Amino acid sequence: MSQSYAHPFSRSDQSVLARWWWTVDRPLMVAILTLMFIGVVLSFASSPAAILADESIGNPFHYSYRMMVFSGMGCATMLITSILSVKGVRRLAVLALCSAIVCMMLLPFIGDTVKGAARWINLGPFSLQPSEFAKPGLIVFAAWMFSEAGKSQGVPGVSIAVAAWGLVVGLLLIQPDIGQTLLITTTFAAVFFMAGMPMKWVAGVAAAVPVAAIGLYFSFGHMRDRLDRFFSPDTADTHQIDRASEAIRAGGLVGRGIGEGVMKRHVPDLHTDFIYSVGAEEYGLVLSLCIIGLYAFIVLRGMKKAMKLADPFQQTAAAGLFMLIGLQACINVAVNLSLIPTKGMTLPFISYGGSSMIAMGLTAGFALSLTRRRPGAYEPGANIAPRARILP
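Each value, and the rule that gives it
- Residues numbered from 1 in each chain as written.
- Predicted model: local features only at pLDDT ≥ 70, side-chain atom pairs only at ≥ 80, totals over all residues.
- Heavy atoms only, no water.
- Helix = DSSP H or I, 4+ residues; strand = E, 2+ residues; numbered from the N terminus.
- Salt bridge = Lys/Arg side-chain N within 4 Å of Asp/Glu carboxyl O.
- Buried < 20%, exposed > 50% of the residue type's maximum accessible area, 1.4 Å probe, protein only.
- Axes fitted to C-alpha atoms, helices over the stretch in contact; angles between N-to-C directions.
- Parallel < 35°, antiparallel > 145°, perpendicular 65-115°, else oblique.
- Left-handed = near helix turned anticlockwise from the far one by under 90°.
- Contact = heavy atoms within 4.5 Å.
- Nonpolar A, V, L, I, M, F, W, Y, C, P; charged D, E, K, R; others polar.
- Expected span 1.5 Å × (residues − 1).

**What to know about the environment of F61**
Next, step 1: Within the secondary structure layout, F61 lies in the loop between α2 (26-50) and α3 (62-82).
Next, step 2: Between the C-alpha atom of F61 and that of S43, which follows or precedes it by 18 residues, the distance is 8.2 Å.

Structure representation (structure tokens):
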């Protein structure tokens, strides 16, 4: 009996969608879609409690319905972007980066200030956070510049990439947004290293980290307050993280049950930064480990495929994008577990937020496109493609 019904396209079909279907990494795509589905499910648990903080919202599932729309937009963005060619990924990444930079420059003048930070542009029913789109754009652009620098000594790719990073970081500090600054800087440094940064640069960056951390500590009061609360919890108000920790502990192995969570009613921003604690309380350690396992699968499988790519640009860009997803997930989960100071950072594909969901769809779409099976894309028989040295 023929098994052709298992696939929507035959291998002889040469249409764009057929070629995409047979070359894209479907297990990676399914894992990402599963995280989006989990995000929608958890939004129905968090939305009724989240609206208690806003009496103007009458529908208890207001955030859930919006989350379904955002997830659909993120899914569409990922699928459409994953169809792009390598050249198309570069062009869209540059467009996303340039657009994000322009919008971030306008934030001091037209941005909405929330909790002392101007990070959003109000577009009526939707608020845009430009920095979310700067992240994948910068990673792909930096990888492109590093690869161009390795091809020709006449291309100042390193200087251009570092200048772009410096501009994005400067605009983030103006907002201020320390969490995104650290995330972008860490991922950028990783891409720089994978592109062939000499060890003397590694030592220089390592030495600059504590100096930069001290400077940020004394320059930004809210960062100083968060660090003080984390290291001296007995002398500061830690209500938010305490309630989140209680919710996670109360979940136990299998959770309290669907809709039975009570700690979530006392956790501020539970549908965004602390959605992990909501899932842990209602579904227990089982769901928590499933979520962590999905992220681990995405990062490990993605990095493995990236390191086998023959083209230096595709290799460093794809690896950087998968690392971006993994680092952001680690930061969010670590905050929920009270392992690091609180940061306003979403859980990729799961937390509520239009900008975050669409930008993460863009990130995943870029990564899936760059790791598609194309003629000559992978080193035959090689586990890891050689790193290209871009600096003497």
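**Structural notes on the pattern of salt bridges**
Next, step 1: Evaluated as defined, the whole model comprises four salt bridges.
Next, step 2: For R301, the salt bridge identified is with D25, shortest N-O distance 3.0 Å. With R301 in helix α11 (residues 275-307) and D25 in the loop between α1 (16-23) and α2, this residue pair connects regions lying 276 residues apart in the sequence.
Next, step 3: By relative accessible area, which is 3% here, D25 ends up buried.
Next, step 4: Note that D177 and R119 form a salt bridge whose closest N and O atoms lie 3.8 Å from each other. You can see D177 sitting in the loop between α6 (157-174) and α7 (178-194) and its partner R119 sitting in strand β2 (residues 117-122), a full 58 residues away along the chain. For the pair shown, D177 and R119 are each scored as buried.

**Examining the packing of helix α5 (residues 130-151) against α7**
Next, step 1: Two numbers describe how α5 lies on α7: the axes approach to 10 Å, and their chain directions differ by 15°. Here α5 is positioned roughly parallel relative to α7, judged by the angle of their axes. Of the two elements, α5 crosses α7, and the hand of that crossing is right-handed. Between α5 and α7, the contacting residues are S131, E132, K135, L138, I139, A142, A143 and F146 on the first element and Q180, L183, I184, T187, F188, V191 and F192 on the second.
Next, step 2: Considering only residue class, the contact of α5 with α7 consists of ten nonpolar, three polar and two charged.

**Section: α6**
Next, step 1: For α6, with 18 residues, the first-to-last C-alpha span of 26 Å sits near the 26 Å given by 1.5 Å per residue.
Next, step 2: Packed against the buried residues of α6 are α4 (86-110), α5 and α7.

**Focus on unusual backbone geometry**
Next, step 1: In this structure, P176 follows Q175 across a cis peptide bond, with omega equal to -10°.
Next, step 2: You can see P176 is positioned in the loop between α6 and α7.
Next, step 3: Even without a glycine there, the phi angle at S338 is positive, about 60°.
Next, step 4: You can see S338 is positioned in the loop between α12 (312-336) and α13 (354-370).
Next, step 5: Phi is positive for F349, which is not a glycine, with a value near 70°.
Next, step 6: Relative to the helices and strands, F349 resides in the loop between α12 and α13.
Next, step 7: You can call F349 buried: its relative accessible area is 1%.

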